[in-house]
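The residues making up each chain are set out below.
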Amino acid sequence: MYFSQVTVVVVTYNSAHCLSMLSPLLSICPHVVISDNGSDDDTASKSQMLWPHATVLAHGRNLGFGAANNRALALVKTSFALLLNPDCEMSPQALQALLASAQDFQDAAILAPQLMATESRPEVNYRWPSGYWTSRGKAAEGPLCVGFVCGAVMLLRMDRMSLTGFFDERFFLYYEDDDLCLRVFQAKLPIVLCPQVRVLHRSRGSVRGRSPLRSEYLRGYHHAQSKLVFLNKHESLQAAKHLRRRLIWMTALALPLRVVLFSPKLVARMWGRWRGLLEWSV
């Protein structure tokens, strides 16, 4: 059976409202790890009730996306690990097709499906690394090698990934998939997009905390910090410092306009970005 080869890893944070759409897949996969980042909506206990066969790691606090994935990946004993965001609705047929593609492309370290914003509208969840080539042209019509795939759904071939390691935990949230894919790409390990495999991605639908504005603040904060961490790691400290100065001034100038236009979510996100930029340190 295909599914005996794969461990499904789901990182959750206040994601109890997403569990029902994960159940058609997770209920029939024998190897499942839920890595919960200190949810306060009983995600961990509800996951254990829904899937008694699953290993539930209740960390008690938010370790960050990459770190929570790493804790789960350390337990994987199967040939493949499927990283699946809670806001992604993946059918058993889609996973079976992705595993079949892995048999066709046996050198691939990472395989990914086509993410769909709606049933008929594909997302652009793949590209070349921006430091190498500019991505352009038509959408993929068949399987192809790329330089980046979105971390919302990734099938990892564990023996190949041992050559690069998994997530760099300096990225708390955002850019951890950019960093992982770039390291895999630089190691000349294939990353394969399989556009015939489609997964519905309810983007940013996995978190439903008690304070939506705080969630927006944290999005802005961590996005800004991770962007600088990525630039410092893969380009230079000077480039990161230059971008930081530019973004501080741009955000400071734009923030009053958002206040005047009264967009609470954008104000919270921009305030988080500004604080993230100010508090970033090497």
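Everything below is about the structure shown above.
All of the points below concern the structure found in this document. (Residues numbered from 1 in each chain as written. Predicted model: local features only at pLDDT ≥ 70, side-chain atom pairs only at ≥ 80, totals over all residues. Heavy atoms only, no water.)

**Here's the deal with the packing of aromatic side chains**
This is how it is decided: Only rings of Phe, Tyr and Trp enter the pairing, Trp through its six-membered ring, and a pair is recorded when the two centres are within 6.5 Å. The plane angle decides the type: under 30 degrees is stacked, over 60 is edge-to-face, the rest tilted. Each helix is a run of DSSP H or I of at least 4 residues and each strand a run of E of at least 2, with the numbering of both proceeding from the N terminus. When accessible area is computed with a 1.4 Å probe and restricted to protein chains, residues below 20% of their type maximum are described as buried, those above 50% as exposed, and intermediate ones as partly exposed. Counting as a charge over the ring demands two things of the Lys NZ or Arg CZ atom: a distance within 6 Å of the ring centre and an angle within 35 degrees of the ring normal.
Throughout the structure, instances matching the rule amount to 10 aromatic pairs. Here Phe-65 and Phe-167 contribute two aromatic rings whose centre-to-centre distance is 6.1 Å and whose plane-to-plane angle is 65°, an arrangement assigned as edge-to-face. Remark: Phe-167 occurs in the loop between helix 5 (158-161) and helix 6 (176-186) and Phe-65 occurs in helix 3 (residues 65-73); sequence separation between them is 102 residues. Pairing Trp-128 with Phe-185 gives two aromatic rings, centres 6.3 Å apart and planes at 65°, and the pair type is edge-to-face. Here the residue Trp-128 occupies a position in the loop between strand 7 (126-127) and strand 8 (144-146), and Phe-185 occupies one in helix 6, the gap between them amounting to 57 residues. The exposure class of Trp-128 is partly exposed, given its relative accessible area of 30%. Overall, Phe-185 belongs to the buried group, its relative accessible area being 18%. The ring of Phe-148 carries the charged tip of Arg-127 above its face, separated from the ring centre by 4.1 Å.

**Overview of the nonpolar core**
Heads up, the condition is: To form a nonpolar core, buried Ala, Val, Leu, Ile, Met, Phe, Trp, Tyr and Cys residues must be joined to one another through side-chain atoms within 4.5 Å. We call two residues in contact whenever any of their non-hydrogen atoms come within 4.5 Å of each other.
Counting 36 residues, the largest nonpolar core has Leu-26, Leu-82, Leu-84, Met-90, Leu-95 and Leu-155 as its most contacted members. Those elements that place two or more of their residues in this core are strand 1 (6-12), helix 1 (19-26), strand 2 (32-36), strand 4 (80-84), helix 4 (92-104), strand 6 (110-116), strand 10 (153-157) and strand 11 (191-201). With 5 residues, helix 4 is the single largest residue contributor to this core. If near-sequence neighbours (up to four positions away) are discounted, Leu-82 is found in contact with Val-6, Thr-7, Val-8, Val-9, Leu-25, Met-90, Leu-95, Leu-98, Val-153, Met-154 and Leu-155. Core analysis: the next-biggest nonpolar cluster, separate from the first, contains 26 residues, Leu-57, Phe-148, Cys-181 and Leu-189 among them.

**Thoughts on a nonpolar patch on the surface**
So the rule is basically this: Here the term patch refers to residues with relative accessible area over 30% and no salt bridge, with like charges joined within 9 Å and nonpolar side chains (Val, Leu, Ile, Met, Phe, Trp, Tyr) within 5 Å. Every accessible area reported is derived by Shrake-Rupley at a probe size of 1.4 Å, with residue values counting cover from the shown protein chains alone. Just to be clear on terms, a salt bridge is a Lys or Arg side-chain nitrogen sitting within 4 Å of an Asp or Glu carboxyl oxygen.
There is a patch of nonpolar side chains on the surface, built from Trp-128, Tyr-132 and Trp-133 and spanning about 330 Å² of accessible area. When you line up the elements, Tyr-132 lands in the loop between strand 7 and strand 8.

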